[in-house]
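Architecture at a glance
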Amino acid sequence: MNKKTLPLILFAVLLLAACGKKKADDPLADSGRTQRTENLLQNLKQLADSAYLFGHQDSPMYGIGWVGDDDRSDVKTVCNDFPAVMGFDLGHLELGDSVNLDKVPFDKMREQIIKQFDRGGVVTLSWHLDNPLTGGSAWVKPDSLTDQEKQTVASVLEGGAQHEKFLSWLDRVADFFNSLETPYGVKVPVIFRPWHEHTGSWFWWGQNLCTKEQYVALWKLTESRLREKGVNNVLYAYSPGSESDGDSAKYLERYPGDDCIDFLGTDIYCSSQWDGSQTTFNPDEPARYIERTRRQLSMICQVAKEHQKVAILSETGFQGIPQDKWWTQTLAEAIKGLPIAYVLVWRNAHDQPGHYFAPYPGQISAEDFVRFYNLPQTLFVRDINGLYLKK
């Protein structure tokens, strides 16, 4: 039996379809999306009132000391269960490359997305795409923005010099979404999270690189083009950074509208020292993180209720996890009692020492992660059944 009891029906229908030779029924809902996609949204909305799914970026792709092993994950090695949510990134798909910006093969990504679906788990996809105007990466330097970088968003909108190129990039993303089909004929629902952290200015779509109107137009163009290309298995997540700090007006300043968005999230990290310059544990960091996260998420949960959306903690973590009880005394406390559907921590880089956000065997927080796993409100793959079935 599972360690928790949830108000969800069994996943047997999909499992039987997976084993049989007959092509499974994959009907469309009134929204034009597949019924399973709509079911996922509604079931996550209901689930958020009592529990949250745990997620990890690139979990089955690589980890500390390994790359590309079958059925492996640092999370699974520690707690003997896969994350309920797996995140992957589409960066460099737009270029036609065979691997993404972190050298993950897109063919293997597709394979793992389908495997996660067959387990009953959830998939979310971000997109750190290159700059279509300058040819650089998704990142810019906020303190030395060039005039060209500030014109990138304008250049991809209708009438812009890079509009046709950008449409071709969106078409490659659409082709990938449409290719996420199981051997038994079901398109895998996914949560797409583009144009994230726009309240900062470190991406070419950020706060100081485009106007409010341009940012909203970028979202509208993305959603409409994917729909035109037959994409009907995608839910959309809006995930600014933490800059609004609990202010709903600031949070919604560039909101593209209820017709585009299904999830309202935010990206908050326990420490900003991504460059490895922080070498000692600051005992004040966890308390500050709890305070900031609760303030931001409380606001988001209220806005989500008002707009009938689903609240999530779309990215979080503590790089290097220097606190031995980070999971139960910091993360769990930061989100305790808040109706969010899932929380996702960032990746465990195999090629960047210290750049990891989930535990691995022997890591100082590994034992506490098992305690976190056993909390009644935390859900991993074995705890969820029927998220894609209509109730």
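Let me begin by describing the structure that accompanies this report. All values derive from a computational prediction rather than experimental measurement.

Notes on the packing of aromatic side chains
In the structure shown here, the tally under the stated rule is 30 aromatic pairs. Their ring planes at 70° and their centres at 5.4 Å tell us that Phe54 and Phe369 sit as a pair that is edge-to-face. You can see Phe54 sitting in strand β1 (residues 52-57) and its partner Phe369 sitting in helix α11 (residues 366-373), a full 315 residues away along the chain. We note that Phe54, like Phe369, is buried. The interplanar angle of 75° and the centroid separation of 5.2 Å between the aromatic rings of Trp195 and Trp205 together place this pair among those described as edge-to-face. Placement of Trp195 in the loop between β6 (190-193) and α7 (212-228) and of Trp205 in the loop between β6 and α7 is noted, with a sequence separation of 10 residues between them. Grouping residues by exposure puts Trp195 and Trp205 together as buried. Following the ring pairs from residue to residue traces out a cluster consisting of Trp127, Trp139, Phe166, Phe177, Phe192, Trp195, Phe203, Trp204, Trp205, Trp219 and Tyr236. Sitting above the plane of the Phe82 ring, Arg119 keeps its charged end 3.9 Å from the centroid.

Structural notes on the pattern of salt bridges
Tallied over the full model, the rule gives 21 salt bridges. With its nearest N and O atoms 3.1 Å apart, the salt bridge here joins Lys220 to Asp259. Pair noted here: Lys220 is in helix α7 and Asp259 is in the loop between α8 (248-251) and β8 (263-264), with a separation of 39 residues, a long-range link. On the basis of relative accessible area, Lys220 is assigned to the partly exposed category, the value being 32%. What emerges from the salt-bridge pattern is a single network uniting Asp171, Arg225, Glu228 and Lys229.

Notes on the pairing of strand β11 (residues 340-345)
Counting buried positions over the 6 residues of β11 gives 6, a clear majority of the element. The sheet contact formed by β1 and β11 spans 4 bridges and is parallel. In the strand pairing of β11, His56 is matched with Val345. With 3 bridges joining them, strand β10 (residues 310-317) and β11 adopt parallel strand pairing. Looking at β11, one finds that Leu313 is bridged to Val343.

A look at the packing of helix α6 (residues 163-178) against α7
It is the contact of α6 with α7, at a shortest axis distance of 9 Å, that shows an interaxial angle of 50°. Judged on the interaxial angle alone, α7 and α6 are oblique. Along this stretch, α6 crosses α7, giving a crossing that reads as right-handed. Seen from α6, the contacting residues are His163, Phe166, Leu167, Leu170, Asp171, Val173, Ala174 and Phe177; seen from α7, they are Leu218, Leu221, Thr222, Arg225 and Leu226.

Calculation notes
- Residues numbered from 1 in each chain as written.
- Predicted model: local features only at pLDDT ≥ 70, side-chain atom pairs only at ≥ 80, totals over all residues.
- Heavy atoms only, no water.
- Phe/Tyr/Trp six-rings, centres within 6.5 Å; stacked < 30°, edge-to-face > 60°.
- Helix = DSSP H or I, 4+ residues; strand = E, 2+ residues; numbered from the N terminus.
- Buried < 20%, exposed > 50% of the residue type's maximum accessible area, 1.4 Å probe, protein only.
- Lys NZ or Arg CZ within 6 Å of the ring centre and 35° of its normal.
- Salt bridge = Lys/Arg side-chain N within 4 Å of Asp/Glu carboxyl O.
- Pairing = 2+ DSSP bridges.
- Axes fitted to C-alpha atoms, helices over the stretch in contact; angles between N-to-C directions.
- Parallel < 35°, antiparallel > 145°, perpendicular 65-115°, else oblique.
- Left-handed = near helix turned anticlockwise from the far one by under 90°.
- Contact = heavy atoms within 4.5 Å.

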